[in-house]
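# Observations on the three-dimensional arrangement
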Amino acid sequence: MGWGQFDYSQPQQPPQQAGNDYYQQNQQYQQPQTNYYGGQMFMPNNGTGAIPNAGVAADGEDYENEPPLLEELGINFSHIKEKTIAVLNPTGSATVEVIADQDLAGPLVFCLLFGAALLLHGKLSFGFIYGVGGLGCVGIYALMNLMATDEKNISFTCTASVLGYCLLPMALLSIVTAVLSFKGIIGYIISSLAVLWCSSASSKLFVIALSMDHQRLLVAYPCVLLYSVFALLAIF
């Protein structure tokens, strides 16, 4: 297009001057480049300036500051340890925060331990354990919320967590009965003590969570009925 813009009616200029005019005419059709990259294409920038939103992915998730996987799953080993010690120690206690932790990992482990101990007896009773445990959790959940004050209530998962943790003495009883026969007066007495142990621990945790200090015997009664069924599974 540049060749068609010369005016051939004018006298011809020397070659050097004509070349300069041609260069100046072509410069009118070229846009000046203001953004010039002075670095190397395949080399990273060595600047010391902080990169904004470092560690944030394109989808907006901050993967560097994510909590651990166990924390996302709701598994807190310190709470599991404190609950287990509160169950094993009849005079021990636990904070309301720990009791309100809706942790089901510990109860699941203790239920599996109880069922595995029953396997040593030659009894496959996992269905009975989960069935009785589920019905017991529903009944005690409704009963605790009816007995509690208007300001206090307890969730179903928290109820299942407390009852599952307090199953640990019954799992230990089932392990012992796999070696020794408890079908006698001494066995019945030891089994009754295990039921009282489980009921005392569970009623203690419920009383702390719901602030029912003067109703512990009423809370312990349905727990005794529930753990008596597990004791019958362990003995017979």
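The structure presented is a predicted model; accordingly, all values stated were derived computationally and were not measured.

We now examine the overall build of the protein. Helix and strand counts for the protein stand at ten helices and zero strands. The burial tally for the protein puts 32% of its 236 residues in the buried class. Contacts in the protein between residues far apart in sequence, at least 24 positions, make up 68% of those at least 6 positions apart.

The UniProt entry lists residues 104–122, 128–148, 160–179, 185–210 and 217–235 under the feature "transmembrane region" (unreviewed entry), expressed in the numbering used here. Segment residues 128–148 splits into 95% helix and 0% strand. End C-alpha atoms: 29 Å apart. Along residues 217–235, the helical share is 100% and the strand share 0%, with 26 Å between the first and last C-alpha atoms.

Helix length check: helix H5 (residues 105–119) (15 residues) gives 21 Å between terminal C-alpha atoms against 21 Å at 1.5 Å per residue, within 8%. Of all the positions in H5, only Gly 106, Pro 107, Phe 110, Cys 111, Phe 114, Gly 115, Ala 117 and Leu 118 are classed as buried.

This part is about the packing of aromatic side chains. For the structure on display, the rule yields five aromatic pairs. Consider the rings of Phe 110 and Tyr 165, whose centres lie 5.8 Å apart with planes at 75 degrees: the pair is edge-to-face. Of this pair, Phe 110 sits in helix H5 while Tyr 165 sits in helix H7 (residues 156–165), placing them 55 residues apart in sequence. Ring centres of Tyr 188 and Phe 236 lie 6.3 Å apart, and the angle between their planes is 40 degrees; on these two criteria the pair is classed as tilted. Here Phe 236 lies in the segment after helix H10 (216–235) and Tyr 188 lies in helix H9 (residues 185–210), a separation of 48 residues in the sequence.

All right, on to H10 then. The end-to-end C-alpha separation of H10 is 27 Å, in line with the 28 Å expected for 20 residues at 1.5 Å each. Taken together, the buried positions of H10 are occupied by Val 219, Ala 220, Pro 222, Cys 223, Leu 226, Tyr 227, Phe 230, Ala 231, Leu 233, Ala 234 and Ile 235. Tucked into the core, H10 has its buried residues touching H5, helix H6 (126–147), H7, helix H8 (168–177) and H9.

It is worth spelling out the packing of H9 against H10 at this point. The contact between H9 and H10 brings their axes to 8 Å, and the two run at 140 degrees. Between H9 and H10, the angle falls in the class oblique. Regarding H9 and H10, the two cross each other, and that crossing is right-handed. Across the interface between the two elements, Tyr 188, Ser 191, Val 195, Cys 198, Ser 199, Ser 200, Ser 202, Ser 203, Lys 204, Phe 206 and Val 207 of H9 pack against Arg 216, Val 219, Ala 220, Cys 223, Val 224, Tyr 227, Ser 228, Ala 231 and Ile 235 of H10. When its residues are assigned to classes, the contact of H9 with H10 shows twelve nonpolar, six polar and two charged.

Counting 44 residues, the largest nonpolar core has Phe 114, Met 144, Met 170, Leu 205, Phe 206, Tyr 227 and Phe 230 as its most contacted members. Secondary-structure elements contributing two or more residues to this core are helix H3 (77–88), H5, H6, H7, H8, H9 and H10.

Definitions and limits used
Residues numbered from 1 in each chain as written. Predicted model: local features only at pLDDT ≥ 70, side-chain atom pairs only at ≥ 80, totals over all residues. Heavy atoms only, no water. Helix = DSSP H or I, 4+ residues; strand = E, 2+ residues; numbered from the N terminus. Buried < 20%, exposed > 50% of the residue type's maximum accessible area, 1.4 Å probe, protein only. Contact = heavy atoms within 4.5 Å. UniProt positions renumbered as here; feature names shortened; annotations may be inferred. Expected span 1.5 Å × (residues − 1). Phe/Tyr/Trp six-rings, centres within 6.5 Å; stacked < 30°, edge-to-face > 60°. Axes fitted to C-alpha atoms, helices over the stretch in contact; angles between N-to-C directions. Parallel < 35°, antiparallel > 145°, perpendicular 65-115°, else oblique. Left-handed = near helix turned anticlockwise from the far one by under 90°. Nonpolar A, V, L, I, M, F, W, Y, C, P; charged D, E, K, R; others polar. Core = buried A, V, L, I, M, F, W, Y, C linked by side-chain atoms within 4.5 Å.

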